[in-house]
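Coordinate analysis (summary)
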Number of protein chains: 2
Amino acid sequence: MDDRIEFATHPDRYKHWQLSCDGDVARLVMKVDEQHPMRGGYDLKLNSYDLSVDIELADAVQRLRFEHPEVKSVLVTSGTDNCFCAGANIYMLGSSSHGFKVNFCKFTNETRLYLEQACEQSGQHYIAACNGVASGGGYELALACEEIYLQDDGSSAVSFPETPLLAVLPGTGGLTRLVDKRKVRRDLADAFSTLAEGIRGKRAVDWDLVDGVFPRSKFDDKVTERAKAIAANTPDRKGPGVELPPVDVTIEEVDGKPVRRYPHVTLTIDHGERTAHIEMRAPTDDPATTADALREQGARAWALAAFRELDDAILQLRFNEPEVGLIVISTKGDGAKVKAHDEALAKLMADDWFANEVHWNMARVLKRLDLTARSLFATIEPGSCFVGSLFELALAADRSYMLEGELEDGDAGEAAIGFSSLNFGPLPMSNGLTRLQTRFLARPEHVDALAKRQDETFTAEDAAELGLVTFTPDDIDWEDDVRIAIEERVSISPDALTGMEANLRFAGPETLETKIFARLSAWQNWIFQRPNAVGERGALTMYGRPERPEFDWRRT
Amino acid sequence: MDDRIEFATHPDRYKHWQLSCDGDVARLVMKVDEQHPMRGGYDLKLNSYDLSVDIELADAVQRLRFEHPEVKSVLVTSGTDNCFCAGANIYMLGSSSHGFKVNFCKFTNETRLYLEQACEQSGQHYIAACNGVASGGGYELALACEEIYLQDDGSSAVSFPETPLLAVLPGTGGLTRLVDKRKVRRDLADAFSTLAEGIRGKRAVDWDLVDGVFPRSKFDDKVTERAKAIAANTPDRKGPGVELPPVDVTIEEVDGKPVRRYPHVTLTIDHGERTAHIEMRAPTDDPATTADALREQGARAWALAAFRELDDAILQLRFNEPEVGLIVISTKGDGAKVKAHDEALAKLMADDWFANEVHWNMARVLKRLDLTARSLFATIEPGSCFVGSLFELALAADRSYMLEGELEDGDAGEAAIGFSSLNFGPLPMSNGLTRLQTRFLARPEHVDALAKRQDETFTAEDAAELGLVTFTPDDIDWEDDVRIAIEERVSISPDALTGMEANLRFAGPETLETKIFARLSAWQNWIFQRPNAVGERGALTMYGRPERPEFDWRRT
């Protein structure tokens, strides 16, 4: 397991970014160490990035929200001469498997969205200070910021060379943010996206590609001034910050199966069955009911710890377990405790920034689950606690199996599920709806009726009647039904399932977010399979070589 | 040119469908002649379809709207025993090129949408009478209908075997209509879409997959009764119908280039340059200003004839000219005549069903252009008539070049563009917005301001100022600029351009329609490239053979 990708990092260990805070303005400086790519085989020239660079960025964005509540604006800039960022490293892409490319793009897309949401949800406003060329993923990073400023020096440009030079798309949200976030006119977007050298100076402003240009001599002053002005207009969040230690995990092997054991989550891989089992456990303590008490618990607070652990488990599965086709999710513990923690958090989050961050982290992790291209089944048995935030796991699943009646020994009683107020708004999916709203798209009045039953719990019969679970076998059928369902699922083509789930999971409205993950990413994934990009003479493969790529000219 | 696909047909020549009208109820009976597929190599067993079957369906749907205004409900049913429709023929798919598969799916998707829109726009309500198994594309056809009835006979079922059996998606709108049109609960949709044998009887009703089941003995009576009831509740459209003769076209070769010459459209292919040129001409007559006069003109009316010709030209390009990467669109004639015809039509369409059908046909053809995966440039020169409905061609283009000033000889004066009321609502894109609204997504007030300037025409300088065209070279630069732009465009990877255009063309809201063409189709296109479906041991390739397909189990 030596070449496993791990996601824990810390500013003290960053190789590619420098994070510094000066009062309410932070600077996030990209200075990629080209000699330290994630794996061998390529240099990270010109501030190009690979997954290891993006893991640090994701860490910085997350830490700023928790550890630096005083920060109100973040200047994203470059410490490498004449180059803001050249985007994803092409040699890395050219030498990666299809599955890695797809998951790399998904992670970088999530990171850009998290950065964008920090503006909206935490009042941490990101400003791209492009003090050099921002090309491809470099300009996409800028597009995720709230404002973009470009140095006017005759050479600094923004550009999308992907399509004309590499035969792929600006797939880290680029095309979508161009026309849907910045609402650049589509014909200008078209011209821009096929112009490898990009656009500089005043024209970049005229085309709405950047918000302003400043000469080199004044650039630093001007962008700092702008960052300070934004910070001055942003409400305070009272410190101190809450430190995020690495997630606590031990790796072992049980009955030949690799197990990652976290305090509140256990991830077990069954390579033979091509499944993973995630068990998530209820808190055992009483919740903090004041902001101070919650602050005191910090990263140990169940709602933060448990969902950070789940996040790590999901990323492990995405990157390190490509053959796992199905994740079976179970829960264990006292549902009343989950509900108590949820309600305490819900009360605090209206006024307390930290409680609010804990809640938004939970929302992000659940979205990460929705967006994970593995089949998800929830199994709801006696002794489980699919209540409130943990019931969202069952709602995120492609289907759920709930045992009807008691088990033979009967000790644990009947399985029951229930709601908390977190099920009715605070944890939206990427489509902007709650998982209950998405589930009952045809019956919004049913969701309203369920919202009035937050004090109840529901056994299998009621849950089935209310449409909250998919199947409810009794204890005689349970084992066979679940086993057969798992066997059938893992026998189906992984690609077809990925496509099917991407279509069925996100009914209802589309948002910038869903457009990025469905429309843009789906086309990019297609292109990542096409010989014109990845074939022996394809543009990604031939990049940097003296010969030109060769294309099959047939359009579809 | 012997194996060119042609799209003209007529009920008298249908091989696979029978169309009959009885008062206000029509019957469209699918009885596929299995011995007459579009090309050799497969039989069309079990009412499975290929493009030739779908061309007849598209023709029937179109003809019903124009030739049978008295029809208010259409029963879609089968004349083949125990089988409603088995969907797209798998051997046909398995032996088709990627490009053909993609274009076949696009055409069938358009046909389903046209059928759906006939309900909404023409008051012709389609009812699926599934008197046998409706599997895959068969159930997708039913889903496009307003209501679905299934025979309850112990064997008739609805099913989506694509994912579990064929490793592809129900890509003709199936997954999208399941959760977004019928709003089937996503977990039930998941279970249904992986259950090859499908669902029958009462359970199909419980899961919202069909609107009702009737026993075999009563099925015909019940569905006919339902069709009559719907017809009785639908307002009359006063006949007589308007016949649609085949589009008039002569095929020739000029300077070694194939030319399709229609009365109002000329399509010229330049295989060397990998471009096509479409010239669309203004009417030369005055418009019909009464419903009777328009009826008298019938299919010869400019607005109907010219757009039917354009439709044929687009389909020719899609299916018969795969290597053409760029379509250059020009217009010729008197813009004032275009405007006069547009306004006359706009006036009549409020009260006259035929005028309304002419207008909806125009809207469909323009959508077909938007959805064509070829780059589109509009060139606007002196003597052109990009006004009103023809200005939509320039708005549909990825970019437009407008010549500023006069040409050397100066005879034609300056190029000018202008609006008609058709630019401000009646011709929506798939995203539900007008092309002007999509173009100026950031500035809705600008569109309102433009709407007040419908009596003006704009030369290049004004047009550029108003953001209506992309580039405005003068006559000194014109030829070089356009030539270089064309050369650059056709040098870029076709796949990357397809993905780029699919992302840039449809900014703004997503609809059922855009979800089908972007989310669902993009994933299907990806899957159509994956070895698990189309590789040597892939499921599509292995279908019908004794061995099982072999899958690469890595998820993405």
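Look above for the structure.
First, a word on scope: everything that follows refers to the structure included in this document. (Residues numbered from 1 in each chain as written. Chains lettered and ligands numbered in written order. Predicted model: local features only at pLDDT ≥ 70, side-chain atom pairs only at ≥ 80, totals over all residues. Heavy atoms only, no water.)

A word on the relation of the copies chain A and chain B
For the match of chain A to chain B, the screw axis carries a shift of 0.0 Å, the RMSD comes to 0.0 Å, and the turn is 180°. Interpreted geometrically, this transformation is the action of a two-fold axis. Considering only C-alpha atoms, the residue of chain A closest to the rotation axis is A:W526, which sits at 2.1 Å. Both copies share a contact surface, since 100% of the interface residues of chain A are interface residues in chain B too. (Least-squares fit on C-alpha atoms with pLDDT ≥ 70 in both. Contact = heavy atoms within 4.5 Å.)

Things to note about the sheet that holds strand β2 (residues 25–30) of chain B
Residues and elements named next belong to chain B. Strands sit in the order β1-β2-β4-β7-β9-β12 across an open sheet of 6 strands; the sheet is mixed. Each edge of the open sheet is held by one strand with a lone partner, namely β1 (17–22) and β12 (212–215). Sheet twist, expressed as the average angle between the axes of neighbouring strands with direction ignored, equals 20°. Of the strand pairs in this sheet, strand β7 (residues 125–130) and strand β9 (residues 147–152) are connected by 4 bridges, and their pairing is parallel. Within β9, the residue paired with A129 across the bridge is Y149. Packing of helix α4 (residues 137–144) onto the sheet brings it into contact with β1, β4 (73–78), β7 and β9, and relative to β9 it is tilted by some 130°. (Pairing = 2+ DSSP bridges. Helix = DSSP H or I, 4+ residues; strand = E, 2+ residues; numbered from the N terminus. Axes fitted to C-alpha atoms, helices over the stretch in contact; angles between N-to-C directions.)

A short note on the packing of aromatic side chains
Per the counting criterion, the structure on display carries 46 aromatic pairs over all chains. Aromatic pair A:F107 and A:F319: ring centres 6.3 Å apart, planes at 80°, arrangement edge-to-face. Of the two residues, A:F107 is situated in helix α3 (residues 98–122) and A:F319 in helix α11 (residues 302–320); the sequence distance between them amounts to 212 residues. Take A:F107 and A:F319: they sit in the same class, and that class is buried. Both rings, one in B:Y139 and one in B:F192, keep their centres 5.5 Å apart while their planes meet at 80°; by these two values the pair is edge-to-face. Here B:Y139 is found in helix α4, whereas its partner B:F192 is found in helix α7 (residues 186–193), with 53 residues between them in sequence. A relative accessible area of 0% means that B:Y139 is categorised as buried. A cation over an aromatic ring shows up here: A:R274 above the ring of B:W553, its NZ or CZ 3.5 Å from the ring centre. Its guanidinium or amino end placed over the ring of B:F528, B:K101 lies 5.4 Å from that ring's centre, counting from NZ or CZ. (Phe/Tyr/Trp six-rings, centres within 6.5 Å; stacked < 30°, edge-to-face > 60°. Buried < 20%, exposed > 50% of the residue type's maximum accessible area, 1.4 Å probe, protein only. Lys NZ or Arg CZ within 6 Å of the ring centre and 35° of its normal.)

Points about the pairing of strand β18 (residues 375–380) of chain A
Within a regular strand, side chains alternate between the sheet's two faces. Residues and elements named next belong to chain A. Within β18, 6 of the 6 residues are buried, which leaves it mostly tucked inside the rest of the structure. Both strand β17 (residues 326–332) and β18 contribute to a ladder of 4 bridges, which runs parallel. When the bridges of β18 are listed, V328 appears paired with F377. Pairing analysis gives 4 bridges linking β18 to strand β19 (residues 399–402), with the strands arranged parallel. Pairing of A378 across the sheet is with S400, part of β19. Viewed along the sheet, the connection from β18 through helix α14 (residues 391–396) into β19 turns out right-handed. (Right-handed = clockwise from strand over helix to strand, strands pointing away.)

Here's the deal with helix α1 (residues 51–67) of chain A
Under the 1.5 Å per step criterion, the end-to-end length of α1(A) is 23 Å for 17 residues, consistent within 8% with the ideal 24 Å. Among the 17 residues of α1(A), 17 are classified as buried, and the element is accordingly described as predominantly covered. (Expected span 1.5 Å × (residues − 1).)

Re the sheet that holds strand β16 (residues 275–281) of chain B
What holds strands together in a sheet is hydrogen bonding between their backbones, with the strands either parallel or antiparallel. All names here are of chain B. Pairing is mixed in the open sheet, where 7 strands are placed in the order β13-β14-β15-β16-β17-β18-β19. Two strands bound the open sheet, and with one partner strand each, they are β13 (250–254) and β19 (399–402). The sheet shows a mean angle of 20° between the axes of neighbouring strands, taken without regard to direction. Pairing of β16 with strand β17 (residues 326–332) involves 7 bridges; the strand directions are parallel. Note that in β17 the partner of A276 across the bridge is I327.

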